Amino acid sequence: MIIAEKKPIEEIIREVEAYDRILVLGCNECVTVCEAGGKKEVEVLASVLRMNFMAQDREKTIDERTLERQCDHEYLEEIRDVIDQYDAVISLACGVGVQFAAEKYMTTPVLPGVNTVCLGANEDRGLWTERCQACGSCVLARTGGICPVSRCAKRVLNGPCGGSTNGKCEISKDTDCAWQLIIDRLKALGKMDDYEIVAPVKDWSTDRAGGPRTVTREDVKI
Amino acid sequence: MSEYVSDSRLERVLKAGHLGVTSECGPPRGSDPEEIKKKGMLIKDYVDAVNVTDNQTAMTRMSSLAACVHLKLLGIEPVLQMVTRDRNRVALQSDILGAASFDISNMLCLSGDHQSFGDCAQGQNVHDLDSMQLVQTVRYMRDEGKFLGGDDIKRPPRLFVGAAANPFADPFEIRVPRLAKKIACGAEFIQTQCIYNIDKFKEWMRRASDRGLTEKVFIMAGMTPMKSVGMAKYMKNKVPGMDVPDEIIQRLAGVEKKHQAQEGIQICVEHIQELKEVPGIAGFHIMAIEWEEKVPEIVEKSGLYPRPEV
Ligand code: SF4
Ligand code: SF4
């Protein structure tokens, strides 16, 4: 899923300072699971904002709403009849949701309430970690199911680099070396011979490098 | 390994069966070329070639290629180090051609330290290719006379191609397979990480030799003299992938502070003497970090002077 984290409250306050009628808009998908932008977080943020403005004696309307998804026309349409009641929306969805809302409601400022961090997994209670950078051409079959693109700090495809120490990456003792994980897995699979297969120069045109990416499926179009 | 692939002196020395000697110079953090020229002149007659580092530890410095040209103009043979951290395949190929246009004849392919160690920790990194793919790229340009994109190169580069190896790096089981992979990619010489754990290094050499790898590549053992016990402790504890046995630290700690540098040189010379006898060792890469003036002494005391005429 997409992992996001809450923006610092001071930053959000600065963003909405100028507006009097604000809608805090949550999303029921990824950001709910990673506890950054679901119904619960919408409630908390709205209360904090209310208290903040009350303390300054400022009259503001702060409403709450959480949609099933913000990356989908169907659900975003649900706020069309109320959108004109607001001067601004703070979206707690990932960057995709924020943009989809912004594109749909051209005359209402839509501000991000979270920082979108990565595509990752819920590794432990309160711990979300990156697993994929959507490079558009998956190499996991060749790397024991562990991704060197997203999990190696240098995207080394024939690793490890010389900095791997005690299973950790040179950038930090808290970061696993992706290549240690790859080798551990290849060993467990009895496929260490695969380690010596050279990964060729990668075609990064399916990655960010190729510009904005689209997927078109004629068979599902209407 | 008889035919020459480049005009490299290093290549000729190694192929003639002599023990090769290389050293390294770091370009300055400014545009004054005098410093690198001075460093180069200090060691000129004691080494076959001088590595020029490429923004090492991710600190912004004068470009490796420019510094190589300064050395080349003084008659010193440079080894152009290139990291994949900062340049994509367009820039790498372009710099390879630039180097070849000055008849620079050696290149060492590296991935480079992560930028978080340097002065641009907030910058992007590139890593379009990795170090092995860079080796493949230079070999392709040289041997096929083509760009990665497939077009012909007019006057292809003639470079003797090297890579680094760390005999002590984790994980243990891939130390030798990783060397095999670099050779398969086309590395012709290898310069190793600094060696202090001689027994472990010999074990690595034995395994490399058992796989026939020492027949396929020239392995130059990396040597860095310790300046003090403080440096030894720092290398042991702070530098990733470094193996400094306690006995080295104890030996340095056992002498008065003002004699520690000399003791460090003595250890280095002893290590070279010992490793000269190890089958498969093709030479030494002496990295006296900001201590270039000691290289002549180390080379002489190790019996590696004068350098052979080739
Ligand atoms: S190889 Fe690419 S698509 Fe596959 S997991 Fe890694 S980043 Fe994602
Ligand atoms: S230490 Fe491992 S994860 Fe870190 S950059 Fe090197 S190969 Fe990649």
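The shown structure was predicted, so the numbers you read here are calculated from the model rather than taken from an experiment.

**Considerations on a nonpolar patch on the surface**
Residues and elements named next belong to chain A. Together, V44, V48, M51 and M54 make up a nonpolar patch on the protein surface, roughly 380 Å² of accessible area in all. Its place among the elements puts V44 in helix 3 (residues 39-55). You can call V44 partly exposed: its relative accessible area is 46%.

**Quick notes on the pattern of salt bridges**
Under the definition given, this model contains 49 salt bridges over all chains. A salt bridge links K168(A) to D176(A); the nearest nitrogen and oxygen atoms lie 2.7 Å apart. As a salt-bridge pair, R139(B) and D143(B) come within 2.8 Å of each other at their nearest N and O atoms. Remark: D143(B) and R139(B) occur in helix 5 (residues 131-143); sequence separation between them is 4 residues, near one turn of the helix. Within the structure, one salt-bridge network assembled from shared partners comprises E35(A), K40(A), E41(A) and R125(A).

**Here's the deal with the site of ligand 2**
Inspection of the region around ligand 2 gives C152(A), A153(A), K154(A), P160(A), C161(A), G163(A), S164(A), C169(A), E170(A), C177(A), A178(A) and W179(A) as its neighbouring residues. For the shell around ligand 2, the residue count by class is 8 nonpolar, 2 polar and 2 charged.

**Concerning the site of ligand 1**
Contacts to ligand 1 come from R131(A), C132(A), Q133(A), A134(A), C135(A), C138(A), V139(A), L140(A), C147(A) and V149(A). Residues of the shell around ligand 1, tallied by class, amount to 8 nonpolar, 1 polar and 1 charged.

**Brief notes about the environment of A184(B)**
Mapped onto the elements, A184(B) comes out in helix 6 (residues 175-185). Distance from A184(B) to K233(B), taken between C-alpha atoms, is 36 Å for residues 49 residues apart in sequence.

**Observations regarding the packing of helix 5 of chain B against helix 6 of chain B**
Residue and element names in this part refer to chain B. Running from N to C, helix 5 and helix 6 cross one another at 25°; their axes reach a closest spacing of 8 Å. Considering their axes alone, helix 5 and helix 6 lie roughly parallel with respect to each other. Residue-level inspection shows S131, M132, V135, Q136 and R139 of helix 5 in contact with helix 6, the latter providing R178, K181, K182 and C185. In terms of residue class, the contact of helix 5 with helix 6 is made up of 3 nonpolar, 2 polar and 4 charged.

**Describing the interface of chain B and chain A**
Facing the 30 residues of chain B at the interface are 29 residues of chain A. Carbon and sulfur atoms make up 52% of the surface buried where chain B meets chain A, a total of about 2,400 Å² over both sides. Applying the counting criterion to the chain B and chain A interface returns 2 salt bridges. A salt bridge links E196(A) to R211(B), with the nearest nitrogen and oxygen atoms 2.7 Å apart. For the pair chain B and chain A, the interface holds 18 residue pairs in polar contact (both at pLDDT 80 or more). Looking at the side of chain B that touches chain A, the elements that each hand over two or more residues are helix 5 and helix 6 of chain B.

**Thoughts on helix 5 (residues 95-104) of chain A**
All names here are of chain A. Taken residue by residue, helix 5 has G97, V98, A101 and K104 as its buried positions. Down the axis, helix 5 shows its buried residues gathered within 135° of arc, on one side only. Those residues of helix 5 that are buried are in contact with helix 4 (73-76), strand 4 (88-91) and strand 5 (110-112).

**A few points about the sheet that holds strand 1 (residues 2-6) of chain A**
Residues and elements named next belong to chain A. Taken in spatial order, the 3 strands of this open sheet run 1-6-7, and their pairing is antiparallel. Each edge of the sheet is formed by a strand with only one pairing partner; in this case those strands are strand 1 and strand 7 (127-132). Strand-to-strand twist of the sheet, defined as the mean angle between neighbouring strand axes without regard to direction, takes the value 70°. Strand direction decides the pairing type here: strand 1 and strand 6 (residues 114-124), joined by 5 bridges, are antiparallel. Looking at the pairing, A4 lines up with T116 of strand 6.

**Points about the sheet that holds strand 7 (residues 218-223) of chain B**
Residues and elements named next belong to chain B. Ordered in space as 1-2-3-4-5-6-7-8, the 8 strands form a closed barrel in which the pairing is parallel. Averaged over all pairs of adjacent strands, the angle between their axes in this sheet comes to 30°, without regard to strand direction. Note that strand 7 and strand 8 (residues 281-286) share 5 bridges and pair parallel. If you follow M223 over to strand 8, its bridge partner there is I286. The strands touched by helix 3 (residues 64-73) are strand 2 (49-52) and strand 3 (78-83); relative to strand 3, the strand with the most contacts, the crossing angle is about 180°.

**A few points about the domain arrangement of chain A**
Per the domain assignment, the segments making up chain A are domain 1 (2-118) and domain 2 (133-208). For domain 1 of chain A and domain 2 of chain A, the distance between their C-alpha centres works out to 37 Å.

**Regarding the state of the cysteines**
All names here are of chain A. A complete count under the given rule lists 0 disulfides over all chains for this structure. Among the cysteines around C34, which has no disulfide bond, C30 carries the closest sulfur, lying 7.1 Å off. The exposure class assigned to C34 is buried, which follows from its relative accessible area of 3%. The thiol sulfur of C118 is not disulfide-bonded, and the nearest other cysteine sulfur, from C34, lies at 8.9 Å. Taking relative accessible area as the criterion, C118 reaches 12% and is therefore assigned buried.

What counts as what
Residues numbered from 1 in each chain as written. Chains lettered and ligands numbered in written order. Predicted model: local features only at pLDDT ≥ 70, side-chain atom pairs only at ≥ 80, totals over all residues. Heavy atoms only, no water. Patch = residues over 30% accessible without salt bridge, like charges linked within 9 Å, V, L, I, M, F, W, Y side chains within 5 Å. Areas by Shrake-Rupley, 256 points an atom, 1.4 Å probe, with all protein chains shown as cover. Salt bridge = Lys/Arg side-chain N within 4 Å of Asp/Glu carboxyl O. Helix = DSSP H or I, 4+ residues; strand = E, 2+ residues; numbered from the N terminus. Buried < 20%, exposed > 50% of the residue type's maximum accessible area, 1.4 Å probe, protein only. Near = heavy atom within 4 Å. Nonpolar A, V, L, I, M, F, W, Y, C, P; charged D, E, K, R; others polar. Axes fitted to C-alpha atoms, helices over the stretch in contact; angles between N-to-C directions. Parallel < 35°, antiparallel > 145°, perpendicular 65-115°, else oblique. Contact = heavy atoms within 4.5 Å. Buried area = accessible area lost by both parts, 1.4 Å probe. Polar contact = N/O pair within 3.5 Å; in protein donor to acceptor, adjacent residues only side chain to side chain. Arc of directions from axis to C-beta. Pairing = 2+ DSSP bridges. Domains from an automatic or database assignment. Disulfide = S-S within 2.5 Å.

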